[in-house]
Amino acid sequence: MAKLNFGGVEETVVTRGEFPLEKAREILKNETIAVLGYGVQGPGQSLNLRDNGFNVIVGQRPGKTYDKAVADGWIPGETLFSIEEAAKRGTIIACLLSDAAVIAVWPEIKPHLTAGKALYFSHGFAITWNDRTGVVPPADVDVIMVAPKGSGTSLRRLFLEGRGVNSSFAIEQDYTGRALERTLAFGIGIGSGYLFETTFAREAISDLTGERGSLMGAIQGLFLAQYEVLRENGHTPSEAFNETVEELTQSLMPLFSERGMDWMYANCSTTAQRGALDWMGPFHDAIKPVVARLYESVKNGTEAQITIDANSRPDYREKLNEELRQMRESELWQAGATVRQLRPEDN
């Protein structure tokens, strides 16, 4: 592992150069990786591991997701099993079910966590708030995590492009003395760009804060607020959407993704630069108290409990689909659908 400087702070990272794929294969050559769940992270991680030459099986309940696994080449009775059977066969049990599903199936998984196995997660939720989830592993197994900083879809797409998604890693419990090498080998096996060290609690808290904040919740709130103000002042839907969303995603985000925010500012007009520099302060001052309140709600377990309660309701999926339908059919995103159809590459 190497120490790298991140904005003046040294952090431990692992790169493919110092931990090549061949080393990862050697470490896990006698392991059977049982990927439980084929929803969000399951397909990307299992397929990447399979393509990289690891011994992988999948555990999934019958249904549409099971059928998707079959379509992706997993063979029932050979590499595709029930969740309980896969957990029984695996030496590394990769629990990639949703947080609510982990709670529901934990009684099926736990009996198969025999001495020396590893219990793997890609999210710290179940372990961090195990007083609420009930997920308490036995003492004689490794408890490890690799958390890609992106969706399973992105993980797979970038893998096929020869790239990768950066991932954090953590060791919660090292029974075998091999937890670290198992974790890093798994992280390299799924195609991580590089791996940086964290803990289960830090990952869970930062992840929930990010999802509710700048990654999803806050960005939709900001888009909607600006769009509404423009529309209320006579701007057309096309103009409001382009000035709120389209220019950001299609023009500006690639610039600061490539070389930083200052590079994006430097490549905009002097009028835009001056206005952005003047207004970032008021936005920061208005938003930081909201983020602080959000962080505390995550840290004290309130957000975890809200998630557990909501996802455990029998009508959860129907209510979720209704909320997403309302978002999709809002004027903001209906305008966006038309704008996307007019992008030059789509004509």
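Each value, and the rule that gives it
- Residues numbered from 1 in each chain as written.
- Predicted model: local features only at pLDDT ≥ 70, side-chain atom pairs only at ≥ 80, totals over all residues.
- Heavy atoms only, no water.
- Helix = DSSP H or I, 4+ residues; strand = E, 2+ residues; numbered from the N terminus.
- Rg over C-alpha atoms; globule rule 2.2 N^0.38 Å.
- Buried < 20%, exposed > 50% of the residue type's maximum accessible area, 1.4 Å probe, protein only.
- Contact = heavy atoms within 4.5 Å.
- Areas by Shrake-Rupley, 256 points an atom, 1.4 Å probe, with all protein chains shown as cover.
- Lys, Arg positive; Asp, Glu negative; His and termini not counted.
- Charge placed at Lys NZ, Arg CZ, Asp CG, Glu CD.
- Pairing = 2+ DSSP bridges.
- Right-handed = clockwise from strand over helix to strand, strands pointing away.
- Core = buried A, V, L, I, M, F, W, Y, C linked by side-chain atoms within 4.5 Å.
- Salt bridge = Lys/Arg side-chain N within 4 Å of Asp/Glu carboxyl O.
- Axes fitted to C-alpha atoms, helices over the stretch in contact; angles between N-to-C directions.
- Parallel < 35°, antiparallel > 145°, perpendicular 65-115°, else oblique.
- Polar contact = N/O pair within 3.5 Å; in protein donor to acceptor, adjacent residues only side chain to side chain.
- Patch = residues over 30% accessible without salt bridge, like charges linked within 9 Å, V, L, I, M, F, W, Y side chains within 5 Å.
- Expected span 1.5 Å × (residues − 1).
- Bend = angle between axes of the 7 residues up to and from the residue.

## So, the overall build of the protein
Part 1 of the reasoning: Along its length, the protein carries 17 helices and 10 strands.
Part 2 of the reasoning: Taken over the C-alpha trace, the protein has a radius of gyration of 22 Å; the compact-globule value for 347 residues is 20 Å, and the two agree within 12%.
Part 3 of the reasoning: Based on the C-alpha atoms only, the size of the protein along its principal axes is roughly 65 × 50 × 45 Å.
Part 4 of the reasoning: Taking all 347 residues of the protein together, the buried fraction comes to 39%.
Part 5 of the reasoning: Sequence-distant contacts in the protein: of pairs separated by 6 or more residues, those separated by 24 or more amount to 68%.
Part 6 of the reasoning: Of the roughly 18300 Å² of accessible surface on the protein, a fraction of 55% belongs to carbon and sulfur atoms.
Part 7 of the reasoning: Looking at charge distribution, the protein has the averaged site of its 35 positive side-chain charges lying 3 Å from that of its 46 negative ones.

## A look at the pairing of strand E4 (residues 56-59)
Part 1 of the reasoning: The side-chain alternation of E4 yields two buried faces, one formed by Val-56 and Val-58 and the other by Ile-57 and Gly-59.
Part 2 of the reasoning: Here four bridges tie strand E3 (residues 33-36) to E4, and the two strands are oriented parallel to one another. Paired with Val-35 across the bridge in E4 is Val-58.
Part 3 of the reasoning: When E4 meets strand E5 (residues 80-81), the two strands line up parallel, connected through two bridges. Bridge pairing in E5 links Val-58 to Leu-80.
Part 4 of the reasoning: In the classification by handedness, the crossover that spans E4, the intervening helix H3 (residues 64-71) and the parallel E5 is right-handed.

## Digging into the nonpolar core
Part 1 of the reasoning: Counting residues in each nonpolar core, the largest one holds 35 residues, and the members touching the most others are Phe-19, Ile-33, Trp-74, Tyr-120 and Phe-186.
Part 2 of the reasoning: Among the elements that line this core, the one with the most residues is helix H9 (residues 179-189), at five residues.
Part 3 of the reasoning: Ignoring sequence-local partners within four residues, the contact set of Phe-186 consists of Leu-28, Ile-33, Gln-45, Leu-49, Ile-92, Ala-94 and Tyr-120.

## Digging into the pattern of salt bridges
Part 1 of the reasoning: Under the defined criterion, the tally for this structure stands at 20 salt bridges.
Part 2 of the reasoning: Here Glu-26 ties to Lys-29 by a salt bridge, and the two come within 2.8 Å at their closest N and O atoms.
Part 3 of the reasoning: The partly exposed category is assigned to Glu-26, whose relative accessible area is 47%.
Part 4 of the reasoning: Here Asp-315 makes a salt bridge to Lys-319, at a shortest N to O gap of 3.5 Å.
Part 5 of the reasoning: Using a relative accessible area of 48% as the deciding quantity, one classes Lys-319 as partly exposed.
Part 6 of the reasoning: Overlapping salt bridges bring together Glu-31, Asp-142, Arg-178, Glu-181 and Arg-182 as one network.

## A word on the side chain of Glu-246
Part 1 of the reasoning: Examined against the element boundaries, Glu-246 turns out to sit in helix H12 (residues 237-259).
Part 2 of the reasoning: The buried category is assigned to Glu-246, whose relative accessible area is 8%.

## Here's the deal with the packing of helix H2 (residues 42-51) against helix H8 (residues 152-160)
Part 1 of the reasoning: Packing of H2 against H8 leaves a shortest axis separation of 8 Å and a crossing angle of 25 degrees. Overall, the two elements H2 and H8 adopt an arrangement that is roughly parallel. On H8, the residues that touch Gly-44, Gln-45, Leu-47, Asn-48 and Asp-51 of H2 are Gly-152, Leu-155, Arg-156 and Phe-159.

## Quick notes on the sheet that holds strand E2 (residues 9-15)
Part 1 of the reasoning: Strands sit in the order E1-E2-E10-E9-E8-E7-E6-E3-E4-E5 across an open sheet of 10 strands; the sheet is mixed. Looking at the sheet topology across the chains shown, the edges are occupied by strand E1 (2-6) and E5.

## Describing the side chain of Thr-12
Part 1 of the reasoning: You can see Thr-12 is positioned in strand E2.
Part 2 of the reasoning: In this structure the side chain of Thr-12 is engaged in a polar contact, spanning 3.0 Å, whose partner is the side chain of Lys-3.
Part 3 of the reasoning: Residue contacts for Thr-12: discarding those within four places in its chain leaves Met-1, Ala-2, Lys-3, Leu-195, Phe-196 and Glu-197.

## Examining a nonpolar patch on the surface
Part 1 of the reasoning: Residues Leu-222, Trp-279, Phe-283, Ile-287 and Val-291 make up a contiguous nonpolar surface patch of roughly 490 Å² in combined accessible area.
Part 2 of the reasoning: Per-element accounting of the nonpolar patch gives the leading share, four residues, to helix H14 (residues 270-299).
Part 3 of the reasoning: Mapped onto the fold, Trp-279 is located in helix H14.
Part 4 of the reasoning: On the accessibility criterion, Trp-279 (55% relative accessible area) is exposed.

## Some points on the pairing of E2
Part 1 of the reasoning: Relative to E2, E1 runs antiparallel, the two sharing five bridges. In the strand pairing of E2, Asn-5 is matched with Glu-10.
Part 2 of the reasoning: Two successive antiparallel strands, E1 and E2, enclose a turn made up of two residues, where Gly-7 displays a positive phi of approximately 60 degrees.
Part 3 of the reasoning: Both E2 and strand E10 (residues 194-197) contribute to a ladder of three bridges, which runs antiparallel. Note that in E10 the partner of Val-13 across the bridge is Phe-196.

## Focus on H14
Part 1 of the reasoning: In a regular helix each residue adds 1.5 Å, so 30 residues correspond to 44 Å; H14 covers 41 Å between its end C-alpha atoms and thus fits that length.
Part 2 of the reasoning: Taking the largest bend as the criterion, H14 deviates by roughly 30 degrees, centred on Trp-279, and proline Pro-282 comes between one and four positions later.
Part 3 of the reasoning: Taken residue by residue, H14 has Leu-294, Ser-297 and Val-298 as its buried positions.
Part 4 of the reasoning: Against helix H10 (200-212) and helix H15 (302-311) lie the buried residues of H14.
Part 5 of the reasoning: Downstream of H14 by one or two residues, Gly-301 has phi in the positive range, about 90 degrees.

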